[in-house]
Number of protein chains: 2
Amino acid sequence: MKPAKTPAPPYYACIFTSIRTAGDQGYADTAQRMIDLASAQPGFLGVESARGSDGLGITVSYWESEEAIRAWKAQTEHRVAQAAGRDIWYEQFDVRIARVERAYGK
Amino acid sequence: MKPAKTPAPPYYACIFTSIRTAGDQGYADTAQRMIDLASAQPGFLGVESARGSDGLGITVSYWESEEAIRAWKAQTEHRVAQAAGRDIWYEQFDVRIARVERAYGK
């Protein structure tokens with residue numbers, strides 16, 4: 001996965017941090033499907049994801065507005081995945097919705 | 001690394017995404033030192049970090065205020081590390097400063 005190319009702020013970030021349960025249980029296929037679906041949603045700007053060897057995963061998706069994030073959260077197939085995530089795939093997770101105010105880089 | 005335990009929003013997040021250059025070149029020791037130093041800074045709330053097998057790394061640190069983030073950026077030893085990061089350790093990086101507005105989890 002490559003770094004996301006985002007426009008000048010302001011825009012929004014959804015920071016999703018997770019610890020997985022043991023075994024795949026359909027996770028990998030659904031995770032890829034969700035990235036594909038999110039990428040086709042209105043207001044999607046980009047996504048970055050990494051999971052370390054210690055099991056902590058961080059996925060940050062970038063959006064034009066809070067409304068775009070809410071619409072993605074309410075998307076039908078995504079709602080099914082969210083339920084499976086809570087019940088099956090994630091031991092623990094945190095979602096943080098944040099407004100990106102400034103950015104720089106190399 | 002464990003998920004960060006943060007207070008109720010609002011607070012601030014510094015989202016640092018990077019691609020490393022080849023070889024360690026002192027990186028691992030400095031990275032750990034920076035986490036230790038940041039953790040002792042005023043206004044520090046927590047940090048989460050993951051680097052995937054494809055090389056993309058994401059570190060999110062959480063802070064009470066933008067002022068706390070600016071003070072950490074200006075910290076002397078951190079400034080030295082930032083210069084080495086730009087010149088030696090990172091092929092590419094992005095820093096995004098964001099205001100966390102809501103949060104939930106499991």
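The structure this text deals with has already been given above.
This write-up is about the structure you can find in this document. Predicted model only: the values in this text are computed from it and were never measured.

Okay, the side chain of H78 of chain A next. Inspection of the secondary structure puts H78 of chain A in helix α3 (residues 76-89). Residues in contact with H78 of chain A, not counting those within four places in the same chain, are M34, W72 and K73 of chain A.

Glancing now at the interface of chain A and chain B. Chain A puts 42 residues into the contact, and the matching count from chain B is 42 residues. Across the interface of chain A and chain B, roughly 3,900 Å² is buried in total on both sides, 51% from carbon and sulfur atoms. Among the residues of chain A in contact with chain B, R102, Y104 and K106 of chain A are the three that bury the most area, contributing 21% of the side total. At the junction of chain A and chain B, the tally comes to 4 salt bridges. Here E48 of chain A makes a salt bridge to R96 of chain B, at a shortest N to O gap of 3.6 Å. Broken down by secondary-structure element, the contributors of at least two residues to the side of chain A that touches chain B are β1 (11-20), β2 (44-51), β3 (56-63), α2 (66-74) and β4 (90-105) of chain A. The leading source of residues in the side of chain A that touches chain B is β4 of chain A, at 16 residues.

Below, the discussion takes up the packing of helix α1 (residues 27-39) of chain B against helix α3 (residues 76-89) of chain B. Residue and element names in this part refer to chain B. Where α1 contacts α3, the axes come no closer than 11 Å and their chain directions differ by 145°. Every pair of crossing elements has a handedness; the one defined by α1 and α3 is left-handed. Residues Y27, T30, R33, M34 and L37 of α1 lie in contact with α3, whose contacting residues are E77, H78, A81 and W89.

Under the defined criterion, the tally for this structure stands at 10 salt bridges over all chains. E101 of chain A is the partner of R99 of chain A in a salt bridge, and the nearest nitrogen-oxygen pair spans 3.6 Å. The exposure class assigned to E101 of chain A is partly exposed, which follows from its relative accessible area of 27%. Measuring nitrogen to oxygen at the nearest pair gives 3.6 Å for the salt bridge that ties R102 of chain A to E66 of chain B. Here E66 of chain B lies in helix α2 (residues 66-74) and R102 of chain A lies in strand β4, a pairing that spans two chains. Using a relative accessible area of 17% as the deciding quantity, one classes E66 of chain B as buried. The network of salt bridges with shared partners includes E66 and R70 of chain A together with R102 of chain B.

All names here are of chain B. In terms of residue burial, strand β3 (residues 56-63) counts as a mostly covered element, since 7 of its 8 residues are buried. Across 7 bridges, strand β2 (residues 44-51) lies against β3 in antiparallel orientation. The residue of β3 that forms the bridge with V47 is S61. Hairpin remark: β2 followed by β3, antiparallel, with 4 residues in the connecting loop; positive phi at G55, about 100°.

The next point concerns the packing of aromatic side chains. In this structure the tally under the stated criterion is 16 aromatic pairs over all chains. Measuring from ring centre to ring centre gives 6.4 Å for W63 of chain A and W72 of chain A, while their planes differ by 25°; the resulting arrangement is stacked. Ring geometry for Y27 of chain B versus Y90 of chain B: centroids 5.9 Å apart, planes at 85°, classification edge-to-face. With Y27 of chain B in helix α1 and Y90 of chain B in strand β4 (residues 90-105), this residue pair connects regions lying 63 residues apart in the sequence. Comparing Y27 of chain B with Y90 of chain B shows no difference in burial state: the two are buried.

If you walk across this open sheet you meet the 8 strands as β2(A)-β3(A)-β1(A)-β4(A)-β4(B)-β1(B)-β3(B)-β2(B), and the pairing is antiparallel. In this open sheet, the two edge strands, each paired with only one partner strand, are β2 of chain A together with β2 of chain B. Direction aside, the axes of adjacent strands within the sheet are offset by 25° on average. Both strand β1 (residues 11-20) of chain B and β4 of chain B contribute to a ladder of 10 bridges, which runs antiparallel. The residue bridging Y12 of chain B from the neighbouring strand is R99 of chain B, located in β4 of chain B. Across the sheet, α3 of chain B is in contact with β4 of chain A together with β1 and β4 of chain B; its angle to β4 of chain B comes to roughly 125°.

How each quantity is defined
Residues numbered from 1 in each chain as written. Chains lettered and ligands numbered in written order. Predicted model: local features only at pLDDT ≥ 70, side-chain atom pairs only at ≥ 80, totals over all residues. Heavy atoms only, no water. Helix = DSSP H or I, 4+ residues; strand = E, 2+ residues; numbered from the N terminus. Contact = heavy atoms within 4.5 Å. Buried area = accessible area lost by both parts, 1.4 Å probe. Salt bridge = Lys/Arg side-chain N within 4 Å of Asp/Glu carboxyl O. Axes fitted to C-alpha atoms, helices over the stretch in contact; angles between N-to-C directions. Left-handed = near helix turned anticlockwise from the far one by under 90°. Buried < 20%, exposed > 50% of the residue type's maximum accessible area, 1.4 Å probe, protein only. Pairing = 2+ DSSP bridges. Phe/Tyr/Trp six-rings, centres within 6.5 Å; stacked < 30°, edge-to-face > 60°.

Just geometry here; none of it tells us what the structure is for.
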